[in-house]
Number of protein chains: 2
Amino acid sequence: MHKSIKDLFPQTFVNVNGTISNAEEAKVSVFDRGFLYGDSIYEVTYTEDRNILFFDEHLDRLEHSAGMLDLTLYYSREQIIEETLKTLKTSNIPRAYIRIIITRGETAIGLDPTISDHNNLVIIVKPQAPYPTKFYDDGLYLTIASILRNDAKATNPAAKSGNYLNNVMAMAEARKIGADDAIMVNNEGYLTEGTTFNIWMVKNGKVSTPAARSGLLMGITRAKLLKLCHENSIGCQETLITPDQILQADEVFITSSTKGLVPVSRLDDRKFERSNAKISVTSHLSHLYNKYVKNYKLNQKYTY
Amino acid sequence: MHKSIKDLFPQTFVNVNGTISNAEEAKVSVFDRGFLYGDSIYEVTYTEDRNILFFDEHLDRLEHSAGMLDLTLYYSREQIIEETLKTLKTSNIPRAYIRIIITRGETAIGLDPTISDHNNLVIIVKPQAPYPTKFYDDGLYLTIASILRNDAKATNPAAKSGNYLNNVMAMAEARKIGADDAIMVNNEGYLTEGTTFNIWMVKNGKVSTPAARSGLLMGITRAKLLKLCHENSIGCQETLITPDQILQADEVFITSSTKGLVPVSRLDDRKFERSNAKISVTSHLSHLYNKYVKNYKLNQKYTY
């Protein structure tokens, strides 16, 4: 007998088009285009001390994804905010994971997106334990997957959609060799991003991350960190990066909305020393970012 | 008010993990990986006179897709056949559309597919009107989409998965210019396939279709037609085809499991004469294929 939804998702609240239920009861039609075609967009963020982190930025990106995919939003930004806060209030979870999914709804069978006349809005709220300390201390073991990242001219990774099989298969490669996760290159051989995070390298004190034209999602933590580098006069660039270059880096780390900055201790056969981690650039940036998040929380407007 | 599922899918029967309901009641969990990530495979075929067309071939391809995506099948082939026939019997529809979807089920949030311990099996059965005669008579208007087909080294089109946004966006391009549908090229500029069909051209009596290495789904009608060409000594090849080549063809047509052979009367600005359609190679192949289907039905084993 497989694990039940009840066991997988305790203390979880799901809002489906305004109706809140527990995890077990939260369902969508098999005719939902998100289910049939992955024809959906989504965002993930979390709350700390009953504050939603960078909600404006996530909503901006959700709208950007919708625009890229010609997905008409039948829910206004205000409605999405209201339903999210309603779900969080109902949950009463101080530190919650939030996933907001908007699909092109149900239509007659067929790919034509212009026949869509509504959305389905699904908001998942569940307790979010902080990412395990061991990963911040010991670092992640990543692999460069053999599967390529979707081409920006095909299924553009810059739109955060429900088509995540590319990333699922990259993660499958990582699991096969015992790695924690995977990063992917594009069809020109340049690094793009990880399965659910952006990738960074430090060489001779200079910070680099793959440029937008590599084909990747514009990470919200990525943008914050670029800004922090500039404000703190830390040399930093968005550029094209090859696997060889990252394998010869001094330090490697990732950024993610739910995890912040996490160091990488191993990338395939290359190991990155963590003995002097305290004085590393990664550690310095991590400190700056955590301070930024703390200050942000004092002023932020989405509380429940 | 948007169109209801009841109105969109009259006389429709859906089997979800063995339980048959009407369209309105057919639901999956919002935690299903098919809904969250498009982490699913599927097949579509139809029945004529209560016979399932080429069911063995579709089941072979379903298993092939599962293999390509490391998707463990917890339903045996026999169970899938049994549930499909059960749904068809319940529906009592002589000419039915059948969609079989298998997902990696519900898991904890996260891409790792190895944590999946079950499938969700969804079988949709609904009345299938024959594809409108006008398309067989007048031909389709297609466009070569600007969006590229997913790279075979990224999200391989050879696996029939729930990641169909690439095709949805190609179809969106078609609808914008009033075309019926779209075909796509790969990142090397070679033709691959249509949004839900294979593409063919005839030049000086010789039939060509994009080769597997172009990156496409191995169509079941495509395979049948290649076989029929060989058996009937009609020159035919699987090869690399450029947009220029197909625009200079004498005839163009498509193949699809649910539509069979359909002529193309227009591809972007190029129009293909339909005045001598009766003596065309397309017409000859169409005749051979329809005869083949008719004979197949006399001997086939999946009836209800």
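Residues numbered from 1 in each chain as written. Chains lettered and ligands numbered in written order. Predicted model: local features only at pLDDT ≥ 70, side-chain atom pairs only at ≥ 80, totals over all residues. Heavy atoms only, no water.

As a further point, take helix α7 (residues 220–231) of chain B. Residue and element names in this part refer to chain B. The terminal C-alpha atoms of α7, which comprises 12 residues, lie 17 Å apart, in line with the 16 Å expected from a rise of 1.5 Å per residue. What α7 keeps buried is the set Ile 220, Thr 221, Arg 222, Lys 224, Leu 225, Leu 226, Leu 228 and Cys 229. The positive-phi residue at the C-terminal boundary of α7 is Ser 233, with phi of around 55 degrees. (Helix = DSSP H or I, 4+ residues; strand = E, 2+ residues; numbered from the N terminus. Expected span 1.5 Å × (residues − 1). Buried < 20%, exposed > 50% of the residue type's maximum accessible area, 1.4 Å probe, protein only.)

On to the confidence of the model for chain A, then. Caution applies to low-pLDDT parts of the model: their predicted coordinates are not meant to be read in detail. In the predicted model, chain A carries a mean pLDDT of 96, and 99% of its residues have values of at least 70. In the predicted complex, the global pTM is 0.97; the interface-specific ipTM is 0.97. (pLDDT = per-residue confidence, 0-100.)

With that settled, consider the relation of the copies chain A and chain B. Superposing chain A onto chain B takes a rotation of 180 degrees plus a shift of 0.0 Å along the axis, which leaves an RMSD of 0.0 Å. In the structure described here, the two chain copies are related by an operation that fits a two-fold rotation axis. For chain A, the residue whose C-alpha comes nearest the rotation axis is Phe35(A), separated from it by 2.1 Å. (Least-squares fit on C-alpha atoms with pLDDT ≥ 70 in both.)

Moving on, we get to the sheet that holds strand β5 (residues 51–52) of chain A. Residues and elements named next belong to chain A. Spatially, β2-β1-β7-β6-β4-β5 is the arrangement adopted by the six strands of the open sheet, whose pairing is antiparallel. The outermost strands of the open sheet, each flanked by one partner alone, are β2 (19–22) and β5. Sheet topology note: the strand β6 (residues 96–103)/strand β7 (residues 120–127) ladder contains eight bridges and is antiparallel. Of the residues in β7, the one forming a bridge with Ile 100 is Ile 123. Strands β4 (40–48), β5 and β6 of the sheet are contacted by helix α3 (residues 55–68), whose axis makes an angle of about 175 degrees with β4. Sheet strands in contact with helix α4 (residues 77–91) are β1 (13–16), β2, β4, β5, β6 and β7, and its direction is about 35 degrees off that of β7. (Pairing = 2+ DSSP bridges. Contact = heavy atoms within 4.5 Å. Axes fitted to C-alpha atoms, helices over the stretch in contact; angles between N-to-C directions.)

The subject of this paragraph is the pattern of salt bridges. It is possible for side chains of opposite charge to pair when their charged atoms get near one another. All chains considered together, the criterion is met by 38 salt bridges over all chains. Of the charged contacts, one joins Asp269(A) and Arg266(A) as a salt bridge, the two residues approaching to 3.8 Å between their closest N and O atoms. Residue classification places Arg266(A) among the partly exposed positions, given a relative accessible area of 24%. One salt bridge connects Glu48(B) with Lys297(B), and the closest N-O pair in it is separated by 2.5 Å. Of this pair, Glu48(B) sits in strand β4 (residues 40–48) while Lys297(B) sits in helix α9 (residues 281–299), and the two are 249 residues apart along the sequence. Each of the two residues, Glu48(B) as well as Lys297(B), counts as buried. What you see here is one network of salt bridges that share partners, running through Asp56(A), Asp60(A), Glu63(A), Arg77(A) and Lys301(A). (Salt bridge = Lys/Arg side-chain N within 4 Å of Asp/Glu carboxyl O.)

Once that is clear, we can look at the nonpolar core. Membership of the largest hydrophobic core comes to 114 residues, with the highest contact counts inside it found for Val30(A), Val122(A), Ile124(A), Val30(B), Val122(B) and Ile124(B). Excluding residues that lie within four positions of it along the chain, Ile124(B) makes contacts with Val30(A), Phe31(A), Leu36(A), Thr12(B), Phe13(B), Val14(B), Tyr97(B), Ile98(B), Arg99(B) and Ile101(B). If you look at the next biggest cluster of nonpolar residues, it comprises 22 residues, including Tyr131(A), Ile144(A), Ile246(A) and Phe272(A). (Core = buried A, V, L, I, M, F, W, Y, C linked by side-chain atoms within 4.5 Å.)

Take the interface of chain A and chain B next. If you look at the interface, chain A gives 68 residues, while chain B gives 68 residues. Counting the surface lost from both chain A and chain B, the interface buries some 5,600 Å², and carbon and sulfur atoms represent 71% of this. When the area that chain A buries against chain B is broken down by residue, the three leading residues are Phe35(A), Leu111(A) and Leu165(A), summing to 13%. On inspection of chain A and its partner chain B, the count reaches four salt bridges. Contributing elements (two or more residues each) for the side of chain A that touches chain B: α1 (5–8), β1, β3 (27–29), α2 (33–37), β6, β7 and α6 (165–176) of chain A. (Buried area = accessible area lost by both parts, 1.4 Å probe.)

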